[in-house]
Structures are given as structure tokens and as C-alpha cells.
Amino acid sequence: MRLRNKPWAKEKIAAYPQYIIQQPEQYKGRWRELFSNDHPIHIEIGTGKGRFITEMAKTHPNINYIGIELYESVIVCALDKLIENDLPNLRLLNVNAKDLTNIFAKGEVERIYLNFSDPWPKKRHEKRRLTYRSFLELYENILVDEGEIHFKTDNRGLFEYSLVSFSQYGLILQYVSLDLHRSNFEGNVMTEYEQKFSEKGNPIYRCEVKYRKPMS
């Protein structure tokens, strides 16, 4: 993804602390206080321009959503959508996914969305893939028992790699589609990239996995 430099992005982010949470570590274990309810929390890692998570928050008002995006020049697009819609159940974080355990306590998150993550195709970059085992361990440390990951990509190589990674980690495969838009799956919310890739005729791959219940 080519990123256009937006020198004004940092200033805009700072101007809307009610939407892009500053110092999110202070809410670890207390995110339901921020939302003022005890609804489930779902997060998207790599929110991008925010179409997916904004539409999900509109569609499911009884779920709290947190969009995580590393790049300031990208998250401001998601911020614009949130400013326009003023959704009480959606907040954004401009942080690195590697810091998740500093931000969320164990059991605070019920579901993680990974949409069109960078495939990092070179073998030497394997550890950067968001479905690499170290990330799966990270997710387990913030998810509820039997928490879920919902994963979409147009990259077949990344999808095949991720299915193997999920299986080797011991996750349970609940749903898989090798061509989402030609399947009978209902309720799909598209990202900006998904629409672009789909219009080119590219198949969209999707799966849902969950962690195994801990042994008592």
C-alpha cells in the first residue's frame, strides 16, 4: 500500500481525542468504562480507511468496536468517517498491534478482525504477518476463552499460509470460503480494498477460527 504523506495528520488526530484515544494503555482492563456499557468488544487490526468498522458499528449498535491502525496518514480517513457518523460504539487507536497486551487485559476482547493484511510475501518477513504464531499468541492473551478471529484477504498465498498457521497453533476452523462473493455467506461488510479487488474479478478468501477452550 502506497502511503501519501499527510503532514497535518498528527495535528488532526490530536484534535479529536474523543474518537482516537490517546494513551490507550490507561484503559487496559477498563474499556467498558470508556464505552459506558458491558457490551462485547470487537477489534479490527489494520482498520485502514475505516469503511468496514464504521459500517459494522452502524449495523451492530450493541457491540463496541475498536479500530487499530498504525499509520497516521491512513487513520485520519477512518477518523473522518467517525466524525461524520458520531458512533458511540466505535473508537480508534493509532498504535502498533504488537502492543495489544499493553492496551487490553485478558478476556477484554471477544473477536478480532483481520481484513486484507499486508501479506509480507518474502520468507524473511514471515514474522511480520498478522497470522504468524507470535501474533496468534498475542491475540490469545487479550481474547476471551474460545475467542474468534475473522480473516479476509485476496491473497491466496497468505490465506493458505494462515490456514496452516491457525491449524498448527491449534485453532478450530469454523468457516472457510475460497470465493466469498460467490458463496451463500450473509452479512458481509466490504472494505475499500475488498471492493476494488472484487471489481477486478479477484476471489476473496475468508475464514473464521476460534481458540480452544482452556483445559480446566
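Quantities reported herein were computed from a predicted structural model and do not represent experimental measurements. Within each chain, residue numbers correspond to sequence positions counted from 1 in written order. Only residues with pLDDT of at least 70 are given local features in this predicted model, and only at 80 or more are side-chain atom pairs given and counted; all residues enter the totals for whole chains, interfaces and linings. As a rule here, side-chain values cover all heavy atoms of the structure and leave hydrogens and water aside.

**A look at the overall build of the chain**
So, point 1. Scanning the chain from N- to C-terminus turns up eight helices and seven strands.
So, point 2. By the compact-globule yardstick of 17 Å for 216 residues, the chain fits well, its C-alpha radius of gyration being 17 Å.
So, point 3. In terms of its C-alpha atoms, the chain occupies a principal-axis envelope of roughly 50 × 40 × 35 Å.
So, point 4. Going through the 216 residues of the chain one by one, you find that 44% of them count as buried.
So, point 5. Taking contacts inside the chain between residues at least 6 apart in sequence as the whole, the part at least 24 apart equals 77%. What counts as a helix is a DSSP run of H or I of at least four residues, what counts as a strand is a run of E of at least two, and both are numbered from the N terminus. We compute the radius of gyration from the C-alpha atoms alone; for a globule the expected value is 2.2 Å times N to the 0.38, where N is the number of residues. The classification of residues rests on relative accessible area computed with a 1.4 Å probe and restricted to protein chains. Under 20% of the type maximum is buried, over 50% is exposed, and intermediate values are partly exposed. Here, two residues are considered to be in contact whenever any of their heavy atoms come within 4.5 Å of each other.

**With respect to the UniProt feature "binding site: substrate" (unreviewed entry) in the chain**
So, point 1. UniProt positions are given in the numbering used here, feature names are shortened, and annotations may be inferred rather than shown by experiment. Annotation from UniProt places "binding site: substrate" (unreviewed entry) at Lys-122, Asp-154, Thr-191, Glu-192, Tyr-193 and Glu-194. Across 73 residues in sequence, these annotated residues place their C-alpha atoms as far as 24.9 Å from one another, rather than forming a single compact spot.
So, point 2. The partly exposed category is assigned to Glu-192, whose relative accessible area is 24%.
So, point 3. Contact partners of Glu-192, with chain neighbours within four places excluded, come to Lys-49, Gly-50, Arg-51 and Lys-81.
So, point 4. Structurally, Tyr-193 is set in helix H8 (residues 192-199).

**Some thoughts on the pattern of salt bridges**
So, point 1. Should a side-chain nitrogen of Lys or Arg be within 4 Å of a carboxyl oxygen of Asp or Glu, the pair is scored as a salt bridge. Under the definition given, this model contains 13 salt bridges.
So, point 2. Measuring nitrogen to oxygen at the nearest pair gives 3.1 Å for the salt bridge that ties Glu-148 to Arg-111. With a gap of 37 residues between them, Glu-148 in strand S5 (residues 143-153) and Arg-111 in strand S4 (residues 109-115) connect regions that are remote in the sequence.

**Notes on the sheet that holds S4**
So, point 1. Paired strands, in this sense, are two strands between which DSSP finds at least two bridges. Overall, mixed pairing links the seven strands, which are arranged S3-S2-S1-S4-S5-S7-S6 in an open sheet. Each edge of the open sheet carries a strand with a single partner, namely strand S3 (90-93) and strand S6 (172-177). The sheet shows a mean angle of 15° between the axes of neighbouring strands, direction not considered.
So, point 2. Both strand S1 (residues 41-45) and strand S2 (residues 64-68) contribute to a ladder of five bridges, which runs parallel. Axes here mean lines fitted to C-alpha atoms, for a helix over just the part in contact, with angles spanning 0 to 180 degrees between N-to-C directions.

**Section: the UniProt feature "binding site: S-adenosyl-L-methionine" (unreviewed entry) in the chain**
So, point 1. Within this numbering scheme, the UniProt entry marks Glu-44, Glu-69, Asn-96 and Asp-118 as carrying the feature "binding site: S-adenosyl-L-methionine" (unreviewed entry). Across 75 residues of sequence, these annotated residues stay compact in space, with a maximum C-alpha separation of 13.9 Å.
So, point 2. Classification of Glu-69 as buried rests on a relative accessible area of 6%.
So, point 3. In this structure Glu-69 touches Gly-46, Thr-47, Gly-48, Val-74, Ile-75, Leu-93, Asn-94 and Val-95, once residues within four positions along its chain are discounted.
So, point 4. Along the chain, the position of Asn-96 falls in the loop between S3 and helix H5 (100-103).
So, point 5. For Asn-96, a relative accessible area of 29% puts it in the partly exposed group.

**Points about a positive patch on the surface**
So, point 1. Only residues above 30% relative accessible area that lack a salt bridge enter a patch, with like-charged residues linked at up to 9 Å and the nonpolar side chains Val, Leu, Ile, Met, Phe, Trp and Tyr linked at up to 5 Å. What sets the accessible areas is the Shrake-Rupley method with a 1.4 Å probe; for residues, cover comes only from the shown protein chains. His is not counted, nor are the chain ends; Lys and Arg add positive charge and Asp and Glu add negative charge. Where a charge lies is defined by one atom per residue type: Lys uses NZ, Arg uses CZ, Asp uses CG and Glu uses CD. Side chains of Lys-98, Lys-122, Arg-124 and Arg-128 sit close together on the surface and give a patch of like positive charge.
So, point 2. Note on placement: Arg-124 falls in the loop between S4 and helix H6 (133-140).

**Observations concerning a nonpolar patch on the surface**
So, point 1. On the surface, a cluster of nonpolar side chains totalling about 260 Å² of accessible area is made up of Leu-173, Val-176 and Leu-178.
So, point 2. Among the secondary structure elements, Val-176 is positioned in strand S6.

**Concerning helix H3 (residues 51-59)**
So, point 1. Taken residue by residue, H3 has Phe-52, Ile-53, Thr-54, Met-56 and Ala-57 as its buried positions.
So, point 2. Turning to H3, the residues buried within the fold contact S1, S2, helix H4 (72-85), S3, S4 and S5.

**Focus on the packing of aromatic side chains**
So, point 1. In summary, the pairing rule links any two rings of Phe, Tyr or Trp, Trp by its six-membered ring, whose centres are within 6.5 Å, and it sorts them by plane angle into stacked for under 30 degrees, edge-to-face for over 60 and tilted for everything else. Under the defined criterion, the tally for this structure stands at 12 aromatic pairs.
So, point 2. Where Phe-151 meets Phe-166, the ring centres are 6.2 Å apart and the plane angle is 85°; that geometry is what we call edge-to-face. Of this pair, Phe-151 sits in strand S5 while Phe-166 sits in helix H7 (residues 156-169), and the two are 15 residues apart along the sequence. By the burial criterion, Phe-151 is buried, and Phe-166 matches it.
So, point 3. Here the aromatic rings of Tyr-193 and Phe-197 are separated by 6.1 Å at their centres, their planes lie at 20°, and the arrangement is stacked. On the criterion of helical spacing, the pair formed by Tyr-193 and Phe-197 is a turn pair, its members being four residues apart in helix H8.
So, point 4. Assessed through its relative accessible area of 28%, Tyr-193 is described here as partly exposed.
So, point 5. Through a chain of ring-to-ring contacts, three or more aromatic side chains come together here, namely Phe-151, Phe-159, Phe-166 and Tyr-205.

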